[in-house]
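Structural description and commentary
For reference, the chains in residue letters:
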Amino acid sequence: MKPPRKRFQNIIITIIVAWLMLFVFIPNLMIIGTSFLTRDDANLITMVFTLENYTRLSDPLYASVLLHSLNMAVIATLCCLLIGYHFAFILARMPEKIRPLLLFPLIVPFWTNSLIRIYGLKIFRSTRGYLNEFLLWTGIIDDPLRIMYTSQAVVLGLVYILLPFMVLPLYSSIEKLDNAYLEAARDLGANKWQ
């Protein structure tokens with residue numbers, strides 16, 4: 001007979017796997033399956049198998065949109081990595097008492113829905129938003145800037161939403177890094193940046 005702790009762990013793992021299957025894997029499988037069906041104006045889709053949806057990706061319009069999206073994703077990932085790595089490294093080297101105070105503002109956004117956070121960014125960056133109003137008030141600009149609906153705004157929104165997902169795993173890995181490796185690197189001639 002299994003010990004109670006092992007049985008409890010197996011139950012928890014089973015619940016988590018069932019949850020992920022029901023709410024992540026099966027819906028994604030349904031979307032993939034639907035992508036091979038024919039579009040219908042009356043019923044949304046009909047059960048006629050087709051590859052036309054994927055052949056349309058070779059259309060220059062769709063290809064340019066896909067490449068533009070991939071470009072913004074790469075830029076956002078690099079920005080998250082540049083910001084997140086430094087923040088995670090500094091956070092991992094802070095004293096134990098200060099770390100929770102710095103982790104708290106990083107985790108707080110998880111308590112709010114992403115849609116609400118993006119809407120807050122929209123209010124902040126719109127033509128009549130707080131940022132433009134502040135810049136007009138200080139006299140830095142004479143006319144409101146068009147910040148919304150640009151590639152830079154999309155990348156900024158992606159970085160804002162995804163930065164905690166970059167920092168937390170990096171922090172977890174860097175925190176476990178043995179200081180002896182850093183000392184050995186310094187002994188072998190590496191500077192602080194290296």
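Structure: above.
These figures come from a predicted structure and were not determined experimentally.

This part takes up the packing of helix H3 (residues 60-93) against helix H4 (residues 99-107). For the pair H3 and H4, interaxial distance at closest approach is 9 Å and the crossing angle is 150°. Considering the angle they form, H3 stands roughly antiparallel to H4. At the point where H3 passes H4, the crossing takes the left-handed sense. Contacts from Phe 87, Leu 91 and Ala 92 in H3 reach Arg 99, Leu 102, Leu 103 and Leu 106 in H4. Per-class residue counts for the contact of H3 with H4 are six nonpolar, no polar and one charged.

To continue, consider the nonpolar core. Of all hydrophobic cores here, the largest spans 15 residues; its most connected members are Ala 88, Leu 103, Val 155, Val 159, Val 167 and Tyr 171. Sorting the residues of this core by element identifies H3, H4 and helix H7 (151-176) as the ones contributing at least two each. Every residue in contact with Tyr 171, bar those within four places of it in the chain, is listed here: Ala 88, Leu 91, Ala 92, Arg 99 and Leu 103.

Side chains that carry opposite charge are capable of pairing whenever their charged atoms lie near each other. Summed over the entire model, instances satisfying the criterion amount to three salt bridges. Across the salt bridge formed by Arg 39 and Asp 41, the nearest N and O atoms sit 3.6 Å from each other. The exposed category is assigned to Arg 39, whose relative accessible area is 66%. Between Glu 96 and Arg 99 there is a salt bridge; the shortest N-O distance is 3.3 Å. Among the residues examined, Glu 96 registers a relative accessible area of 59% and is labelled exposed. The class for Arg 99 is buried, based on a relative accessible area of 11%. When salt bridges that share partners are traced, they join Glu 96, Arg 99 and Glu 175 into one network.

The rules behind these values
Residues numbered from 1 in each chain as written. Predicted model: local features only at pLDDT ≥ 70, side-chain atom pairs only at ≥ 80, totals over all residues. Heavy atoms only, no water. Axes fitted to C-alpha atoms, helices over the stretch in contact; angles between N-to-C directions. Helix = DSSP H or I, 4+ residues; strand = E, 2+ residues; numbered from the N terminus. Parallel < 35°, antiparallel > 145°, perpendicular 65-115°, else oblique. Left-handed = near helix turned anticlockwise from the far one by under 90°. Contact = heavy atoms within 4.5 Å. Nonpolar A, V, L, I, M, F, W, Y, C, P; charged D, E, K, R; others polar. Core = buried A, V, L, I, M, F, W, Y, C linked by side-chain atoms within 4.5 Å. Buried < 20%, exposed > 50% of the residue type's maximum accessible area, 1.4 Å probe, protein only. Salt bridge = Lys/Arg side-chain N within 4 Å of Asp/Glu carboxyl O.

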